[in-house]
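Given next are the chains, with one letter for each unit.
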Amino acid sequence: MKIIISDEALAWFKEEMEVESGEYIRFYARYGGSSPFHEAFSLGMNREKPHNIGVETVVDGIHFYVEKDDEWFFNNHDLYVSIDSKTDELIYDYKK
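Everything numeric here is computed off the predicted structure, so don't read it as measured data.

Draft legend 1. Layout of the pattern of salt bridges. Applying the stated criterion to the full structure yields 6 salt bridges. Asp70 is paired through a salt bridge with Arg26; the nearest N and O atoms lie 2.7 Å apart. Note that Asp70 is positioned in the loop between strand E5 (62-67) and strand E6 (78-84) and Arg26 in strand E2 (residues 24-34), a separation of 44 residues in sequence. Of the two residues, Asp70 and Arg26, both sit in the buried class. Residues participating in the shared-partner salt-bridge network are Arg26, Glu48 and Asp70.

Draft legend 2. Representation of helix H1 (residues 7-16) in the model. Buried within H1 are the following residues: Ala9, Leu10, Trp12 and Phe13. Projected down its long axis, H1 shows its buried positions confined to an angular sector of 155°, all on one face. For H1, the exposed residues lying more than 90 degrees away from the buried face are Asp7, Glu8 and Glu15.

Draft legend 3. Quick peek at a negative patch on the surface. A cluster of acidic residues, Glu15, Glu16, Asp88 and Glu89, forms a negative patch on the protein surface. By the element assignment, Asp88 lies in the loop between E6 and strand E7 (89-95).

The rules behind these values
- Residues numbered from 1 in each chain as written.
- Predicted model: local features only at pLDDT ≥ 70, side-chain atom pairs only at ≥ 80, totals over all residues.
- Heavy atoms only, no water.
- Salt bridge = Lys/Arg side-chain N within 4 Å of Asp/Glu carboxyl O.
- Helix = DSSP H or I, 4+ residues; strand = E, 2+ residues; numbered from the N terminus.
- Buried < 20%, exposed > 50% of the residue type's maximum accessible area, 1.4 Å probe, protein only.
- Arc of directions from axis to C-beta.
- Patch = residues over 30% accessible without salt bridge, like charges linked within 9 Å, V, L, I, M, F, W, Y side chains within 5 Å.
- Areas by Shrake-Rupley, 256 points an atom, 1.4 Å probe, with all protein chains shown as cover.
- Lys, Arg positive; Asp, Glu negative; His and termini not counted.
- Charge placed at Lys NZ, Arg CZ, Asp CG, Glu CD.

In structure tokens form, the structure reads like this:
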């Protein structure tokens, strides 16, 4: 599994969440909503230091990661994070 962050998404994290080099953004499975793979679970995201990183991508010094315990959620797919140009919100896509 890989985490791919688009340039636009990186700019969003820097502007909207004021994330700077050396900080961490965690993607995790949260109860509620739905996803392409799991009914009643959706993808959550927050600023949090890691405990047991399963997958990590560092872009411009910012660490984007998934904890080992949350890897099941992605069903062996890569996570692509981009921006919806109409709503200026994050879009999550899952690709093999």
